[in-house]
Amino acid sequence: MSKESNILLKEIALQNNCPECYSQDGLRLRFFQKHIQNAFFKRLTTETSNVMDCQKCGSTIYPVQWTEDIERVHNYYTKLVKAKKTSFKLTKWGYLLLALPILLAAGIYLFATGTLSF
Ligand SMILES: [Zn+2]
């Protein structure tokens, strides 16, 4: 079972007019980076996504609604915003899973050599 989540990478307030409510200070562009987590590890992927919405009217602004100006700033920030370095982290269960065969092998070895006996 793994959980995917999007971590906010950058939030930019745009000066463009909202195509929905025409407000000039509501548009924002947010970049996200995909993060995967399950019982054994946490991983930050290189996958990014972005969402544009308006804080004034609450609409999500899809590419079909973009004006030329919006498209221009979107392109600009898409190039500017870089994904964070990917990372990989084991959880304690992940470590345990890795350590288990070693512990098991060590146990068998100690038992076989007679160091350990029941
Ligand atoms: Zn709006």
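In this report, we go over the structure that sits alongside the text. Because the structure is predicted, anything quoted here is derived from the model rather than measured.

Comments concerning the overall build of the protein
Scanning the protein from N- to C-terminus turns up 2 helices and 4 strands. Starting at the N terminus and walking to the C terminus, you meet the elements of the protein as β-β-β-α-β-α. Taken over the C-alpha trace, the protein has a radius of gyration of 24 Å; the compact-globule value for 118 residues is 13 Å, which it surpasses by more than 25%. With the C-alpha coordinates of the protein rotated into their principal frame, the extents come out at 80 × 25 × 20 Å. Within the span of the protein, comprising 118 residues, buried residues form 27% of the whole. Counting only contacts in the protein whose residues sit at least 6 apart along the sequence, the fraction spanning at least 24 positions is 59%.

Overview of helix α2 (residues 92–112)
Here α2 contains 21 residues, and its C-alpha end-to-end distance of 29 Å stays within 8% of the 30 Å for a straight helix at 1.5 Å per residue. Remark: the principal bend of α2, roughly 35°, maps to A99, with a proline, P101, within the next four residues. Looking one or two residues past α2, G114 carries a phi angle of roughly 85°, positive in sign.

Here we look at the nonpolar core
By size, the foremost hydrophobic cluster in this structure holds 14 residues, and its most contacted members are L14, L27, F31 and M52. Within the residue set of this core, elements represented by two or more residues are β1 (2–13), β2 (27–38), β3 (41–54) and α1 (68–80). Here the element with the most residues in this core is β2; it accounts for 3 residues. Residues within four places of M52 in sequence aside, it is in contact with L14, L27, R28, L29, S59, T60, I61, W66, I70 and H74.

Details of the packing of aromatic side chains
Under the defined criterion, the tally for this structure stands at 2 aromatic pairs. Between F41 and F88 the ring centres are 5.1 Å apart and the planes differ by 25°, which places this aromatic pair in the stacked class. Here the residue F41 occupies a position in strand β3, and F88 occupies one in strand β4 (residues 87–90), the gap between them amounting to 47 residues. Note on Y76 and Y77: the rings are 5.0 Å apart at their centroids and 70° apart in plane angle, and the pair reads as edge-to-face. Look at Y76 and you get partly exposed, because its relative accessible area is 49%.

Examining the pairing of β3
Two strands pair when backbone bridges link them, and β2 and β3 are joined in this way by 10 bridges, in the antiparallel orientation. Note that in β3 the partner of I36 across the bridge is R43. Between β2 and β3, which pair antiparallel one after the other, the connecting turn spans 2 residues. Where β3 lies against β4, 4 bridges are found, and the strand directions are antiparallel. Bridge pairing links R43 to F88 in β4.

Considering the coordination of the zinc ion
Of the protein atoms, only C18 (SG), C21 (SG), C54 (SG) and C57 (SG) coordinate the zinc ion, at distances of 2.3 Å. For the zinc ion, the 4 donor atoms in the first shell make angles of 105 to 114° at the metal, a pattern classed as tetrahedral. Read N to C, the donor residues that coordinate the zinc ion are spaced as C-x2-C-x32-C-x2-C. When its relative accessible area of 0% is taken as the criterion, C18 is described as buried. When its relative accessible area of 33% is taken as the criterion, C21 is described as partly exposed.

The rules behind each value
Residues numbered from 1 in each chain as written. Predicted model: local features only at pLDDT ≥ 70, side-chain atom pairs only at ≥ 80, totals over all residues. Heavy atoms only, no water. Helix = DSSP H or I, 4+ residues; strand = E, 2+ residues; numbered from the N terminus. Rg over C-alpha atoms; globule rule 2.2 N^0.38 Å. Buried < 20%, exposed > 50% of the residue type's maximum accessible area, 1.4 Å probe, protein only. Contact = heavy atoms within 4.5 Å. Expected span 1.5 Å × (residues − 1). Bend = angle between axes of the 7 residues up to and from the residue. Core = buried A, V, L, I, M, F, W, Y, C linked by side-chain atoms within 4.5 Å. Phe/Tyr/Trp six-rings, centres within 6.5 Å; stacked < 30°, edge-to-face > 60°. Pairing = 2+ DSSP bridges. Donors = N, O, S within 2.8 Å, 3.2 Å for Na, K, Ca; no water. Tetrahedral: all angles 85-135°; square planar, octahedral: opposite > 155°, others 65-115°.

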